[in-house]
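Geometric and topological summary
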Amino acid sequence: MEYATRRATREEILRLLDEDVAWWFSRFDSLTPPQEYGILPIAEGRNVLITAPTGSGKTLTAFIYIISELFKLAKEGSLDDRVYAIYVSPLRALNNDIYKNLMVPLNEIKEHIRGKGLEFKDIRVGVRTGDTTQSERSRMLRNPPHILITTPESLALVITAPKFRLLLNKVRWVIIDEIHSLCENKRGSHLSLSLERLVELAEKEFVRIGLSATINPLDEVAKFLVGYNDDGTPRDCVIVDTRFHKKMDLRLRAPVEDLIYTSSDRLSEALYHYLSRVISKYRTTLIFTNTRSGAERVTYHLKKLGFIDADELGVHHSSLSREIRFSIEDKLKKGEVRGIVTSTSLELGIDIGYIDAVVQVGSPKSINRGLQRIGRSGHSMDRVSKGYFVALDLDDLIEDGVLIKEAYKGRLDTISIPKGPLDVLAQHIVGMALVKKWSIDEAFKVVRRAYPFRDLDEEKFLSVLRYLSGKYYNLEKYRVYGKIWLDEETGYFGRRGRYLRPIYFQNIGTIPDEVAMIAYHGRRRIGYLEEPFVENLDPGDIFVLGGGTYRFLGCSGNKVFVEPVKGLRPTVPSWISEMLPLTFDLGEAVAGFRYDIWRLLRDGREDEARKYIEKEMRANKWAVDNIIRYIKIQGEFLEKLGLDTFHSRENLIIEQYIVYNERMRYIIFHTVFGRRVNNVLARAYAYVARDITGTSIRMQVDDNSFVLMIPLRVELDIQSLLEKVKSKNLRSLVSEAVKNSQLIWRIFRHVANRAFMILSHYKGRKTSLTRQQINSEIIYNAVRDIPGFPLVEEAIREIIEDKMDVIRAEAVLRDVEEGRRRWIVLREYDLPSPFAHGVLLRGMQDAVLMEDRVKVLQNLYNRIRERIEGIRA
Amino acid sequence: MIHLYKDLYIADPWPAAYLKDIDAMIFADLHLGMEGVLSEEGIFLPRSFSKSTIDIIFRSVSSVEPSMVIFNGDIKHGFGLLNTSEWAVLREFFSGLSQMKLDILVIRGNHDNYLGVLLDKYGIPFEKRWDHTIYTIMHGHESMSWDELGEVVIIGHEHPSVTLRDEVGVKFKFKCFMWGEYKGHKILVLPSVGELATGSTISLYSEEDILSPLLRNVNMSGFKPYAVVPGEIVQELPPLGDLERLL
């Protein structure tokens, strides 16, 4: 790993390129920083990772040398009919943009050369994605593109396709774009294995070029891009770090004077007025909300308010149809839209023309994401990225402010890359088996070259092979479900069954299908709801669907029964699955900040505190007022309970809020670690508490804290609860807790999908779980007791490492054990502190269930009897 | 044994009814071989369910030691003749049973196509319904006039279950018997034996979800659920209507 330090001059680059390509490239007066540092290493045949904000010419950096080489070959007459360069990006829309952007220089250079009277073979560019028709694919086979533009899933297909893959064996360059959006999820893990399989296929090593927006730490992302040698050392890579070359103008805004006491209607109104003012100031403004429903709502109200012409406003999110999204993207590129509201779909680099300013409503929950979004504005290196952060509640306000402060200091979040996902591995082993017979050792070597699998245990590798060969089904004599044959004695495996190829080709991918449940009002269909959302609903809950509010009555099979209610507030947040978690690093920064401000206030230095917030966070007066007020109130509350210190990174305060009329004790742990870590801690403590109390423990979790709800009649000593969860036993505790939760039903189904245990498409049909009268719970129950079943282990791993963050949670507990942090338990009180309001009102609910069903039934029956006797009495 | 009416009992803690006068256990809805059907659809589950269903049958029969066992429909899941591995499961099941010196009767359910051929080999009678004194035992998938039925009607098909919430608000679903009355008849709906098929949670909202044509117009709020954890406990609960009010 080395960082690029050699800065090339424009002349050097032009000399390097083919003369006609240089003719085209010379129209640019100067090089952008990625070009200055990145083109030479690519020309030298080095692997390169380029990180820079949008609009910094990354794509051209990647392609210019490739185009130059291809034209050289074409003019010499040695341009063969095969693929020389592969470009991979996660978005089809981006692929289409890149195609168009490539054709511009290609055509112009071509015309220029033809103008000189030279004849040569055309350089062909082809796009291959899930949308590519069969006839287009046949055409591509006959007339292969020299530059192939594709998605991670389609790459996994073409390296397996018997004829097409032969066209890839001399590929020289592979470009991975938007790598920041791939490495943190299984799609990226899947891609990394595809790349290693491509290495096996290729006769010579090819150059890997990674393009990324703002991300951290670069070393790890580079290793993810290039992979490992067989001796365990990472392959070589040059890192071009131009993340902060674009200037930023970030501002923190509170839309009203008092975020606590302003009614939500007035707050919304203030927000829409504020947004309208920003939109009127600029030519095009991009507004990020965090949810699809939020995006819809904001757009609706902005149109209603009328300051901006409704035609010049638009909304963009992934639940909209493709036609609608394309038309909005088109209008944006033409500059016909002044305000566009989105949830997350416009984060990635698709070309949307010039954005002058970005507004973030609420908190983006991560410094990296915040900067990626803001970076969408000021679409060339000299323009400034303008970002406004407008918060609707106090926690978001502080998060946004701290984000701004950290961003200006150049401090970013640390990403987490999934480790060794076994379902992705299973999918690729099937792909590998389709291509040839493999020796187990050789296949293992290939797999371990990919970053996510560098530490893969041989036992785990074998368990996946065994699963695929049907061994875990071998409860009797029938190996009917084997997809590969496996001979452990001779050490080989290969394909089995005539359906294996269609299974692989039609079920490739990592993005899971969600079971859609249909909402009915009487006989009328209202819309679709996701299974996990419905699982958590109780009769009487009110939620939003497609713009209307409904009360949940009950459900049966895949039908959900609802009735419309007007004017009532939703009791559950919609689109729960959409909410992004606060990153650990930002959380720590928030904790530190809150304490620093409290200290200043306590020492009578309020003026200093105000100035600090105003300067470091670029805050307006209302934002400063709100933050000061929030911290003051919390400080006073704690003082009343006899505490003379405050929340901080070191002080982890635990409240006990007694709700007498519910006969419940709410134990609130103030841990600003982000939801991923808090989910681990909450579950572990709930699990232990459940064993102590003998009842299910309900919990609520959000980014700043988590709550355990315990019936008052139960005695619970908090200290002894804390004692029982240690960094050493945390992982096994939370694994046990997760095995018995409702979450694992769903995650296991996704894992089973990816590992081809449950197929979405089989024998020409789309599978429907509901038609089979089984659901996720039943599927999980079928396998949960099979010892060492790799898919169950992967489901648990995905939950505790990817969805939650057990590794950082372990680190937190170690800090407590080694004295760097401490728990402070407050005495009982019948009110919650202001800092606790967020989690109590909006925290995500879950429970660690009592497992002994007999006991559950008996308890339930006793409760029912008590109720009946209570009614009679 | 939990007494219901005259000679009819629930053979707790098993998901089976019991007729004292003929010393017979009655099971319904085994759905053996469902895994084979699922695999045809691209869902490959290990055979844990068929195994545990068979296991429950054998354990309960060994424990109660009846003279007769009646299977009230849907012994198998709806697979055709070609699913050889599933037929093997059934053959093993019936040969195991026939070694237990029991009288066996199988009532035909809507999934029991082609079963007759196999049952012939073991000399097991295969009927659409069975009437014994005041009791009518049938699967319940076909519509019938109430006049043609005995005083006590025992059906399956529904896979009834009941969802209860504990004090923390967590929901638990239990399979159950349903015991109630309609038009002068007493009705017992048997739970499914195995875990696999979800069946219908009997709720008062959705009459369309009641599978059995017999129950379609019946007001279920007076029916009593008896929740069962097979092999562990059968728990009587208040009538459905009261339950829904209480929880």
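Predicted model only: the values in this text are computed from it and were never measured.

Parameters and conventions
Residues numbered from 1 in each chain as written. Chains lettered and ligands numbered in written order. Predicted model: local features only at pLDDT ≥ 70, side-chain atom pairs only at ≥ 80, totals over all residues. Heavy atoms only, no water. Pairing = 2+ DSSP bridges. Helix = DSSP H or I, 4+ residues; strand = E, 2+ residues; numbered from the N terminus. 1 Å grid on protein atoms, 1.4 Å probe; cavity = no way out; pocket = protein on both sides within 12 Å on 5 of 7 lines; lining within 4 Å. Points joined across faces, edges and corners; volume = space filled by probe spheres on them. Nonpolar A, V, L, I, M, F, W, Y, C, P; charged D, E, K, R; others polar. Axes fitted to C-alpha atoms, helices over the stretch in contact; angles between N-to-C directions. Contact = heavy atoms within 4.5 Å. Buried < 20%, exposed > 50% of the residue type's maximum accessible area, 1.4 Å probe, protein only. Arc of directions from axis to C-beta. Core = buried A, V, L, I, M, F, W, Y, C linked by side-chain atoms within 4.5 Å.

Comments concerning the sheet that holds strand β17 (residues 492-495) of chain A
Residues and elements named next belong to chain A. The antiparallel open sheet is built from three strands, whose spatial order is β15-β17-β16. Strand pairing shows two members of the sheet lacking a second neighbour, β15 (438-439) and β16 (484-487), which therefore form its edges. Strand direction decides the pairing type here: β16 and β17, joined by four bridges, are antiparallel. Opposite Ile484, over in β17, you have Arg495 as the bridge partner.

Overview of empty space enclosed by the protein
Where empty space is left in the structure can be found by rolling a water-sized probe over the atoms. All names here are of chain A. A full pass over the atoms with the stated rule returns eight cavities of 30 Å³ or more. The volume enclosed by the second largest cavity comes to roughly 100 Å³. Lining the second largest cavity are Pro53, Thr214, Arg243, Phe244, Lys246, Met248, Leu371, Ile374, Gly375 and Ser385. Residues of the lining of the second largest cavity, tallied by class, amount to five nonpolar, three polar and two charged.

Looking at the sheet that holds strand β12 (residues 339-342) of chain A
Residue and element names in this part refer to chain A. Strand order in the open sheet formed by six strands is β9-β14-β13-β10-β12-β11, and the pairing between neighbours is parallel. Here the strands that pair on one side only, and so sit at the sheet edges, are β9 (248-253) and β11 (313-316). Direction aside, neighbouring strands of the sheet carry axes that sit 20° apart on average. Bridge analysis of β9 against strand β14 (residues 385-390) gives six bridges, and the strand direction is parallel. Across the sheet, residue Leu252 finds its bridge partner in β14, namely Phe389. Each of β11 and β12 is contacted by helix α12 (residues 322-333), which is oriented at about 130° to β11, the strand it contacts most.

Looking at helix α16 (residues 440-448) of chain A
All names here are of chain A. What α16 keeps buried is the set Ile440, Ala443, Phe444, Val446 and Val447. Down the axis of α16, the smallest arc covering the buried residues is 160°, so these residues share one side. Buried residues along α16 sit against α8 (186-201), α15 (422-435), β15, α17 (458-468), β16 and β17.

Re the nonpolar core
Residues and elements named next belong to chain A. Leu425, Phe461, Phe493, Tyr685, Phe748, Met757 and Phe789 are the most contacted members of the largest nonpolar core, which has 107 residues in total. Residue contributions to this core peak at ten residues, all from helix α23 (residues 675-693). Grouped together as the second largest cluster of nonpolar side chains are 61 residues, Ala254, Leu371, Leu394 and Ile404 included.

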